[in-house]
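# A closer look at the structure
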Amino acid sequence: MPESLTPIRLLSSLLAIAAIALVGAGCGTTDNDIARGRLLFIEKCGSCHVLSEAATTGTQGPSLDAAFAQARASGMDSDTIEGIVAVQIEFPRPITDNPSISMPAKLVEGQDLEDVAAYVAKFAGVPGAAPPKVTGGPGAQVFANNGCGGCHILAAANSGGTTGPDLDKVLPGQSAAEIEQSIVDPNAKVTPGYPSNVMPSNFQQVIPPDQLQQLVKFLLDNAGKK
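These remarks concern the structure in this document.

Rules and cut-offs
- Residues numbered from 1 in each chain as written.
- Predicted model: local features only at pLDDT ≥ 70, side-chain atom pairs only at ≥ 80, totals over all residues.
- Heavy atoms only, no water.
- Helix = DSSP H or I, 4+ residues; strand = E, 2+ residues; numbered from the N terminus.
- Buried < 20%, exposed > 50% of the residue type's maximum accessible area, 1.4 Å probe, protein only.
- Contact = heavy atoms within 4.5 Å.
- Salt bridge = Lys/Arg side-chain N within 4 Å of Asp/Glu carboxyl O.
- Polar contact = N/O pair within 3.5 Å; in protein donor to acceptor, adjacent residues only side chain to side chain.
- Core = buried A, V, L, I, M, F, W, Y, C linked by side-chain atoms within 4.5 Å.
- Phe/Tyr/Trp six-rings, centres within 6.5 Å; stacked < 30°, edge-to-face > 60°.
- Expected span 1.5 Å × (residues − 1).

In this section: the overall build of the protein. Looking only at helices and strands, the protein has 10 helices and 4 strands in total. Counting the 226 residues in the protein, one finds 42% classified as buried. In the protein, the proportion of contacts linking residues at least 24 apart, taken out of those at least 6 apart, comes to 61%.

Here we take up the environment of Gly 161. Considering the arrangement of structural elements, one finds Gly 161 in the loop between β4 (159-160) and α7 (167-170). Remark: the alpha-carbon pair of Gly 161 and Leu 40, spanning 121 residues in sequence, is separated by 8.6 Å. With residues near it in sequence (within four places) discarded, Gly 161 still touches Gly 149, Gly 150, Cys 151, His 152 and Ile 153.

Our focus in this paragraph is the pattern of salt bridges. If the charged atoms of two oppositely charged side chains come close together, the side chains can form a pair. Going through the model one piece at a time under the given rule, you end up with 4 salt bridges. One salt bridge in this structure joins Arg 36 and Asp 112, with 2.3 Å as the shortest N-O distance. Pair noted here: Arg 36 is in helix α2 (residues 34-44) and Asp 112 is in helix α5 (residues 110-123), with a separation of 76 residues, a long-range link. Accessibility expressed as a relative area gives 33% for Arg 36, which makes it partly exposed. With a relative accessible area of 23%, Asp 112 lands in the partly exposed category. Taking the shortest distance from any N to any O, the salt bridge between Arg 36 and Asp 115 comes out at 2.7 Å. Of this pair, Arg 36 sits in helix α2 while Asp 115 sits in helix α5, and the two are 79 residues apart along the sequence.

Among the structural elements, Gln 141 can be located in helix α6 (residues 138-145). In this structure the side chain of Gln 141 is engaged in a polar contact, spanning 2.7 Å, whose partner is the side chain of Asn 145. Ignoring anything within four residues of it in the chain, the contact list for Gln 141 reads Pro 132, Lys 133 and Val 134.

Turning our attention to the nonpolar core. Nonpolar side chains in soluble globular proteins tend to be buried together. Counting 23 residues, the largest nonpolar core has Phe 41, Phe 68, Val 116 and Val 120 as the members making the most contacts within it. Of all elements in the fold, only α2, α3 (64-73), α4 (78-90) and α5 reach the threshold of two or more residues within this core. Looking at this core, the element that brings in the most residues is α5, giving 7 residues. The contacts of Val 116, once residues within four sequence positions are left out, are Gly 37, Leu 40, Phe 41, Cys 45, Ile 89 and Val 108.

Let us look at the packing of aromatic side chains. Scanning the model with the defined rule gives 3 aromatic pairs in all. Centre to centre, the rings of Phe 41 and Tyr 119 are 5.9 Å apart; their planes meet at 50°, and the pair counts as tilted. Of the two residues, Phe 41 sits in helix α2 while Tyr 119 sits in helix α5, which places them 78 residues apart along the sequence. As far as burial versus exposure is concerned, Phe 41 and Tyr 119 are alike and both buried. Where Tyr 119 meets Phe 123, the ring centres are 5.4 Å apart and the plane angle is 50°; that geometry is what we call tilted. With a gap of 4 residues between them, Tyr 119 and Phe 123 both fall in helix α5, about one helical turn apart.

On to α4. Relative to the 18 Å expected for 13 residues at 1.5 Å per residue, α4 spans 18 Å between its end C-alpha atoms, a close match to the ideal helical length. Taken residue by residue, α4 has Ile 81, Glu 82, Gly 83, Ile 84, Val 85, Ala 86, Val 87, Gln 88 and Ile 89 as its buried positions.

And the structure:
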């Protein structure tokens with residue numbers, strides 16, 4: 001098998017282990033907030049995992065779409081997946097120097113954990129899953145598709161992420177070139193008070209050039225305006 005499938009194999013093994021741990025445990029609750037789980041997933045998990053509905057492109061960890069598509073094809077239902085995801089987050093694998101086989105502990109806890117698990121269970125590996133449509137033009141859709149709102153505040157996009165800087169505060173006064181650089185080379189100029197190496201550095205590869213320009217224009221026209 002190609003080496004690129006190794007993370008998927010690792011996650012598949014963990015699914016089996018987690019399934020054993022879930023025997024006798026309740027899962028599949030109905031009072032979880034899927035929309036909130038999406039935002040939390042983008043903010044806390046999207047930098048490491050691919051999930052089409054969240055438009056996240058992280059590659060440090062396994063693709064959740066690939067892993068859970070296999071699980072669904074084998075007959076695993078969403079309730080079981082929800083329980084497995086919750087166990088994996090609550091009791092992650094031992095931390096090592098290899099991010100493809102390790103995950104930090106306590107990324108989310110309590111109701112946050114339940115919301116994230118319910119969200120992943122609803123969409124991971126589901127054929128055709130895609131980000132929801134938004135208003136505001138093509139640039140707003142690019143912003144949503146790439147999970148920017150999970151990490152940044154931007155009033156025009158109704159987003160409230162706090163992992164990264166408040167775009168309504170830091171972007172006004174910047175040129176289109178400066179905004180583009182902050183997207184494609186985020187470590188070139190890090191906003192004081194925020195760590196480096198948090199924002200994905202592959203947006204220039206994953207966002208087509210025309211969509212990148214739409215995103216830059218959207219931010220240039222809207223940051224700090226509402």
